[in-house]
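# Examining the three-dimensional arrangement
Chain residues, written in single-letter form:
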Amino acid sequence: MEHYEKGPTLGEGTFGRVFAATDKRTGRRVAIKKIRMGKAKEGVNVTAIREIKFLRELQHENVIELIDVFPHKRNLYLVYEYMTSDLEAVIKDKANLRLRVGDVKAYMRAILQGLAACHGHWIMHRDVKPNNILLGPSGQVKLADFGAGRVFGSPNDKKFTTQVFARWYRAPELLFDSQLYSSAVDMWAVGCVFAELMLRRPWLPGNNDLEQLSLIFEALGTPTEEQWPGMKSLPTASQVVFKPIASPTAASLRQLFRCGADAVDLLQQLLCFDPSRRMSAEQALRHEYFGNEPAATPWADLPRPAVPFGEEGSSRPQGGAREAAEAGAGAGNNGHLLQGVRRSSFPPEGDCARDATGVKASASEVRMSLPAEMKMGENERTPVLGGNGHRDSLEAGERPQLGSADKNYLRKRKLDMDRAFELASND
Amino acid sequence: MAANFWSSSQCDLLLEARERRAEEASRAPKPKARPRRRQIVLRGVEPEPGEPGSSGGGPGSVVTQLVDYAVLLSKELKIRQRPVLTACAYLWRLRPETLDPPENAVGWSELDDERHITAVTMACVYLACKVEEQPVSADKVAGFSQGLCSATDLLDAELCVLEDLSASLVVHHPIDDVERYASLVHADGEASKVAMACAEETRRTDLLLRYPPHVIALGCLRVAMALEGADTLPWCEQNGVCKEDVKGVCAELVKRCRSL
Ligand SMILES: Nc1ncnc2c1ncn2[C@@H]1O[C@H](COP(=O)(O)OP(=O)(O)OP(=O)(O)O)[C@@H](O)[C@H]1O
Ligand SMILES: [Mg+2]
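Residues numbered from 1 in each chain as written. Chains lettered and ligands numbered in written order. Predicted model: local features only at pLDDT ≥ 70, side-chain atom pairs only at ≥ 80, totals over all residues. Heavy atoms only, no water.

### Some words on empty space enclosed by the protein
To find leftover empty space, a probe the size of one water molecule is rolled over the atoms. Residues and elements named next belong to chain B. Evaluated as defined, the whole model comprises seven cavities of 30 Å³ or more. Lining the largest cavity are 13 residues, with His173, Pro174, Thr202, Arg203 and Leu208 positioned closest to its centre. Those elements giving two or more residues to the lining of the largest cavity turn out to be helix H3 (81-93) and helix H8 (174-182). For the lining of the largest cavity, the element with the highest residue contribution is H3, accounting for four residues. Residues of the lining of the largest cavity, tallied by class, amount to nine nonpolar, three polar and one charged. (1 Å grid on protein atoms, 1.4 Å probe; cavity = no way out; pocket = protein on both sides within 12 Å on 5 of 7 lines; lining within 4 Å. Points joined across faces, edges and corners; volume = space filled by probe spheres on them. Helix = DSSP H or I, 4+ residues; strand = E, 2+ residues; numbered from the N terminus. Nonpolar A, V, L, I, M, F, W, Y, C, P; charged D, E, K, R; others polar.)

Written out as structure tokens, the structure reads:
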């Protein structure tokens, strides 16, 4: 700590506060994250450990640099290169910033290059979303927030948790609870970010996992056996019957995104249902979209939000609060694992009650038929975390009875919980 | 992850260590390392007998002892192989100063010394379990010291270990490469089992600080194949692996096996 001159607070993360600082030895401007250890019974949080272990191995111009890690007074400090803003701020600042085709291309290329580096190291990011893509003082674009990252591709891979990514960026195989997935989940999220860059708003903002699936199917068509051969065998896929919807034509997507045929083709390949056929980061970088005119904007010329980190004042409340406020009650657009779980497993109580009595659910426009048990399953899927009161507020009488098969399913779910969650929930 | 050894922080560490050794060798004979003032006693672990002729072990033998302690601890807590190997690699990577706290600190007793080194060892295991995504609880780990270290001591030591390792937490292990190369050098089931056992045994040596994991793996395979009368050295050479390095690994392994 003695090497750094502390500056103003830049933001608040799930595991600690981030503040600006200057390295007294070099004069370099940095951002320091203080990992809260306070009452932690389990020492340095696994999220921080993951961030450290991955960022130490990844040195790439599109991945945030972890400069130093040091303990001080029983807290752990992570020193990062200083960044001024994130992609979410750019997307939202519709009033001041215009995004040209070349700008979107430059962002996409940077994100894909960063992810290609991760995947080349067999690391899945698992939390790709606009606010985890940071922008540097001279326009650099870098992936950050590796706290949900995970090594994949080892032959003895065991089950992974499916509670990763903010819901809006969650790939369909995750929504169907597939526990053996790979880097393709990151690519789906990139597709969503691509769409969001063009639309300037989240494309598929579901309020719960089921609604998310139906939004996806409405937008991209319900996948047929041919489009996604393995789908029917995924854990929860057989319990839900979706109305068949035809895939959108390229022309209609071009109209929606007001973009070229090459962009639509890239988008469709990133948002390919079958994870094994979904485009990889390497392949995407070779897509003709990046070769075509207009060329990607050089990063120094990329638009920058007027308000840098730490100066948003009241207009930008801290971290998750802002997202939650905008996403509406129960909508989780927060990468943090535990919060993701809480939100996804406890949709607003009103919904449950109405589901149970057979009245149309809040997602009334959701065109799907599914057994009542499945809806309960959706709500019950995670064990009670701490004394969260949401479930207790449901009258026992309103609950539909679970079939025994579903009970087994739920029990299994509880056993399968990723250990990481137990740890995370200790905090 | 194993595919990326060449771009890993472990590779950087290895290159640095090589440079350092070369530099030391070119300098005047260095003064004898300060002998530890006593053997440390750790629960259930025999101190290393040390090289014949020398009194007590050098710094290396202290680490061997700590490795044994870590392995015992891991057995009791049923920790899997990979976190144990990673923990052992951490122990070897620690700077001697971390293992050997200043002697003249006020009020420092031998008991503190033992407590310190136990906490550091346990912290390596505890941290490695988190890094390998198979976390164990701090209370359980601390419990193994039977009251010598509290969970708080363990967590303090965790921070200290993190700093000492300069946060390079990913370790590439020879054991993965043994699997990969076994079929290439035509090692059958039995030979590859022997090679695996050798690779596991390397955790008690500082080989990982001196050679890339795949070279260690090839050394293990060579020893295993030698038992069957085959020499894999020509294969290594053909594939551009330094013959001398593989031989060096083998020599160390054979020395180990003799002392068993
Ligand atoms: N390198 C950096 N430079 C400048 N500001 C940063 C940097 N890293 C983080 N910040 C600021 O700190 C805030 C918190 O960052 P952090 O990554 O810890 O949390 P988060 O992304 O909000 O949390 P999570 O994704 O875990 O919910 C960010 O929103 C950002 O404002
Ligand atoms: Mg974030």
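### Remarks on the coordination of the magnesium ion (ligand 2)
All names here are of chain A. Taken together, Asn132 (OD1) and Asp145 (OD) make up the full set of protein donors to the magnesium ion (ligand 2), lying 2.0 to 2.1 Å away. Residue Asn132 is found in the loop between strand E7 (123-124) and strand E8 (133-135), and its partner Asp145 is found in the loop between strand E9 (141-143) and strand E10 (150-151); the two are separated by 13 residues along the sequence. Its relative accessible area of 30% is what places Asp145 among the partly exposed residues. (Donors = N, O, S within 2.8 Å, 3.2 Å for Na, K, Ca; no water. Buried < 20%, exposed > 50% of the residue type's maximum accessible area, 1.4 Å probe, protein only.)

### Some words on the nonpolar core
Residues and elements named next belong to chain A. Core analysis: the largest hydrophobic core is formed by 182 residues, its most contacted members being Leu87, Phe194 and Trp203. Ignoring anything within four residues of it in the chain, the contact list for Trp203 reads Ala195, Ala219, Leu220, Leu253, Leu256, Phe257 and Leu271. If you look at the next biggest cluster of nonpolar residues, it comprises nine residues, including Met1, Ile32, Tyr77 and Val79. (Core = buried A, V, L, I, M, F, W, Y, C linked by side-chain atoms within 4.5 Å. Contact = heavy atoms within 4.5 Å.)

### Things to note about the domain arrangement of chain B
Residue and element names in this part refer to chain B. As far as domains go, chain B holds domain 1 (33-164) and domain 2 (175-258). Each partner contributes to the interface: domain 1 provides 13 residues, whereas domain 2 provides ten residues. Carbon and sulfur atoms supply 55% of the area buried between domain 1 and domain 2, which totals about 1000 Å² over both sides. When residues of domain 1 are sorted by the area they lose upon contact with domain 2, Gln81, Leu85 and Trp92 head the list and together hold 45% of the total. Taken together, domain 1 and domain 2 are joined by two salt bridges. (Domains from an automatic or database assignment. Buried area = accessible area lost by both parts, 1.4 Å probe. Salt bridge = Lys/Arg side-chain N within 4 Å of Asp/Glu carboxyl O.)

### Examining the state of the cysteines
Residue and element names in this part refer to chain A. The full count for this structure, using the stated rule, is zero disulfides over all chains. There is no disulfide at Cys272, and the cysteine sulfur nearest it, in Cys192, is 13 Å away. Overall, Cys272 belongs to the buried group, its relative accessible area being 18%. (Disulfide = S-S within 2.5 Å.)

### Some details on the interface of chain B and chain A
With 28 residues of chain B in contact, the opposing surface of chain A contributes 29 residues. Summing both sides of the interface, chain B and chain A together bury roughly 2500 Å²; the carbon and sulfur share of this comes to 57%. Linking chain B to chain A there are four salt bridges. Arg150 of chain A serves as the salt-bridge partner of Glu133 of chain B, at 4.0 Å between the closest nitrogen and oxygen. The interface formed by chain B and chain A includes ten residue pairs in polar contact (both at pLDDT 80 or more). Of all the elements in the fold, those that place two or more residues in the side of chain B that touches chain A are helix H5 (110-131) and helix H7 (151-164) of chain B. The element contributing the most residues to the side of chain B that touches chain A is H7 of chain B, with seven residues. Here the side of chain B that touches chain A is built from residues that sort into 14 nonpolar, nine polar and five charged. (Polar contact = N/O pair within 3.5 Å; in protein donor to acceptor, adjacent residues only side chain to side chain.)

### Some points on the UniProt feature "binding site: ATP" (unreviewed entry) in chain A
All names here are of chain A. UniProt feature "binding site: ATP" (unreviewed entry): in the numbering of this structure it lies at Leu10, Gly11, Glu12, Gly13, Thr14, Phe15, Gly16, Arg17, Val18, Lys33 and Lys34. In summary, the annotated positions, though distributed over 25 residues, converge in three dimensions, the widest C-alpha pair being only 13.9 Å. Within the fold, Arg17 resides in strand E2 (residues 17-23). Under the relative-accessibility criterion, Arg17 is labelled partly exposed at 42%. Dropping the residues within four chain positions of it, Arg17 is found in contact with Thr9, Gly11, Glu12, Ile32, Lys33 and Lys34. Reaching out from Arg17, the side chain makes a polar contact with the side chain of Glu12 at a distance of 3.1 Å. Beyond its immediate sequence surroundings of up to four residues, Lys33 is in contact with Arg17, Val18, Glu51, Leu76, Tyr77, Leu78 and Tyr80. (UniProt positions renumbered as here; feature names shortened; annotations may be inferred.)

### Examining the domain arrangement of chain A
All names here are of chain A. Here chain A is described as being made up of domain 1 (4-81) and domain 2 (85-301). Domain 1 and domain 2 are separated by 28 Å when their C-alpha centres are compared. In this complex, domain 1 contributes 13 residues to the contact, which on the side of domain 2 involves 20 residues. Summed over both sides, the interface of domain 1 with domain 2 buries roughly 1400 Å², with 60% coming from carbon and sulfur. Looking only at domain 1, the three residues that lose the most surface to domain 2 are Phe54, Leu58 and Asn62, adding up to 40% of its buried area. Viewed at the interface, domain 2 and domain 1 are joined by one salt bridge. The salt bridge partner of Lys142 is Glu81, with a shortest N-O separation of 3.2 Å. At the boundary of domain 1 with domain 2, the tally comes to nine residue pairs in polar contact (both at pLDDT 80 or more). The dominant element in the side of domain 1 that touches domain 2, judged by the number of residues it contributes, is helix H1 (residues 46-57), at six residues.

### Notes on the side chain of Arg203 of chain B
When you line up the elements, Arg203 of chain B lands in the loop between helix H9 (189-201) and helix H10 (207-210). Ignoring sequence-local partners within four residues, the contact set of Arg203 of chain B consists of Val67, Val71, Val84, Leu85, Cys88 and Trp92 of chain B.

### Things to note about unusual backbone geometry
All names here are of chain A. Here Glu293 and Pro294 are connected by a cis peptide whose omega angle stands at -10 degrees. With respect to the helices and strands, the residue Pro294 is situated in the loop between helix H10 (288-291) and helix H11 (319-327). Of note in this structure, Asp145 is not a glycine but carries a positive phi near 65 degrees. Notably, Arg258 is not glycine yet its phi reads approximately 45 degrees, a positive angle. Structurally, Arg258 can be placed in the loop between helix H7 (250-257) and helix H8 (261-270). A residue is classified by how much of its surface remains accessible, and Arg258, at 77% relative accessible area, is exposed.

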